[in-house]
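Summary of structural features
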Amino acid sequence: MSRPAAKKELGQHFLVDPNLLGVIGRLAELGSEDVVLEVGPGLGVLTTFLADRTARVHAVELDRSLEPRLREALEGRDNVGLHFGDALRLDLATLEPVPTKLVSNLPYNIATPLIVESLDGLPSVGLWCVMVQREVADRFFAEPSTKAYGAVSVLVQLAAERTGFHTVSRTVFRPRPNVDSALVAFRRRELPQGYARVKRLVTAAFAHRRKRLANSVELAGLATRDEATTALAHIGREPATRAEELEPPEFVALADALAP
């Protein structure tokens, strides 16, 4: 069977080099009892590797035209469930058995929103090992007051700690992407109390990155500028503070200070 052509509009870059699989297995800390969620299985190279080492793989693929190739690659592996649809729209929390790890070569165009939503939307996932664009991987654990630091940095760092990082050559994909990639692994930590409230605040704070944080909060309708300024003073920050200056735990403190 000929290899299907990747669809640019879906952000597809198929993993074709099996030499990288060992690195993924090590960073994902795969075990025989793991239930893995894989988003974007593509040609099934990673899927077969996961299926041979874990109890169950839920493989979610948007592109229905890949089904024949996937079923051929997975023939004889009855511990793989294929789910066709948009991973951002499917209710992945209802999968049975529940996934304990998310291990994927993520399509570029959904990587960030999928990771952000999985932090609280998939509470059963305890470890992520994902291949993403290098600049996206850098954002996950960026430091405050850097260009890469943003809402995703804060949310990921509040929910997890990084356990591994590995740069990836462009040559392991077909078609070869025009950007560098990286594998990044991180393990869940307990979410802060009131995480949903913190998430809304973080999203609002970075929605207008060049504005003062108090102004951004007011624009989002979460509090008045005066209330936000008072809350900033409560955590020891000046009225002119911008979102990128705050450490992740300070957003938790700020959300608490803003709470009625």
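Scroll up a little and you will see the structure.
Described below are features of the structure shown in this document. (Residues numbered from 1 in each chain as written. Predicted model: local features only at pLDDT ≥ 70, side-chain atom pairs only at ≥ 80, totals over all residues. Heavy atoms only, no water.)

Structural notes on the nonpolar core
A general trend in soluble globular proteins is that nonpolar side chains are found buried together. Counting residues in hydrophobic clusters, the biggest one holds 55 residues, and the most contacted among them are V130, V132, F140, F186 and F251. For V132, the residues in contact, after removing those within four places along its chain, are L106, Y108, A111, A137, F140, D180, S181, A182 and V184. (Core = buried A, V, L, I, M, F, W, Y, C linked by side-chain atoms within 4.5 Å. Buried < 20%, exposed > 50% of the residue type's maximum accessible area, 1.4 Å probe, protein only. Contact = heavy atoms within 4.5 Å.)

Brief notes about the sheet that holds strand β3 (residues 56–61)
Across the sheet, seven strands lie side by side as β4-β3-β2-β5-β6-β9-β7; this open sheet has mixed pairing. Strands with a single pairing partner mark the edges of an open sheet, and in this sheet they are β4 (80–84) and β7 (160–168). The mean angle between the axes of side-by-side strands here comes to 20°, regardless of whether they run parallel or antiparallel. With five bridges connecting them, strand β5 (residues 101–105) and strand β6 (residues 127–133) associate as parallel partners. Considered in β6, the bridge of L102 is made with W128. (Pairing = 2+ DSSP bridges. Helix = DSSP H or I, 4+ residues; strand = E, 2+ residues; numbered from the N terminus. Axes fitted to C-alpha atoms, helices over the stretch in contact; angles between N-to-C directions.)

Looking at the side chain of K101
As for its position among the elements, K101 is in strand β5. Within the structure, K101 has its side chain in polar contact with the backbone oxygen of A28 (distance 2.9 Å). (Polar contact = N/O pair within 3.5 Å; in protein donor to acceptor, adjacent residues only side chain to side chain.)

A look at the packing of helix α7 (residues 195–207) against helix α10 (residues 248–258)
Interhelical geometry of α7 versus α10 gives an angle of 105° and a closest axis separation of 9 Å. Overall, the two elements α7 and α10 adopt an arrangement that is roughly perpendicular. Contacts between α7 and α10 pair R197, V198, L201, V202, A205 and F206 from the former with F251, V252, L254, A255, D256 and L258 from the latter. Here the residues of the contact of α7 with α10 sort into ten nonpolar, no polar and two charged. (Parallel < 35°, antiparallel > 145°, perpendicular 65-115°, else oblique. Nonpolar A, V, L, I, M, F, W, Y, C, P; charged D, E, K, R; others polar.)

Here's the deal with α10
Inspection of α10 places P248, E250, F251, V252, L254 and A255 among the buried residues, and these make up the whole buried set. Of the surrounding secondary structure, the elements contacted by the buried residues of α10 are α6 (151–159), α7, α8 (213–219) and α9 (225–234).

Observations regarding the environment of L183
Residue placement: L183 occurs in strand β9 (residues 181–188). Along the backbone, L183 and N105 are 78 residues apart, and their C-alpha atoms lie at a distance of 8.6 Å. L183 has contacts with L20, V23, I24, L27, C129, V130, M131, G164, F165, H166 and V168, leaving out every residue within four places of it along the chain.

A short note on unusual backbone geometry
Going from E96 to P97, the amide bond is cis rather than trans, its omega being -10°. Mapped onto the fold, P97 is located in the loop between β4 and β5. A positive phi is found at S145, a non-glycine position, where the angle reads about 65°. Along the chain, the position of S145 falls in the loop between α5 (134–140) and α6.

A short note on the side chain of D34
Examined against the element boundaries, D34 turns out to sit in the loop between α1 (21–27) and β2 (35–39). Note on D34: relative accessible area 13%, which makes it buried. For D34, the side chain forms a polar contact with the side chain of K101, separated by 3.0 Å. Once residues within four sequence positions are removed from consideration, D34 is found in contact with E29, T54, A55, R56, T100 and K101.

Focus on the packing of α6 against α10
Contact geometry of α6 with α10 gives a least axis separation of 8 Å together with a crossing angle of 90°. As summarised for this structure, α6 and α10 are arranged roughly perpendicular, according to the angle between their axes. Here V154, Q157 and L158 of α6 lie close against α10, whose contacting residues are P248, P249, F251 and V252. Looking at the contact of α6 with α10 residue by residue, the classes come out as six nonpolar, one polar and no charged.

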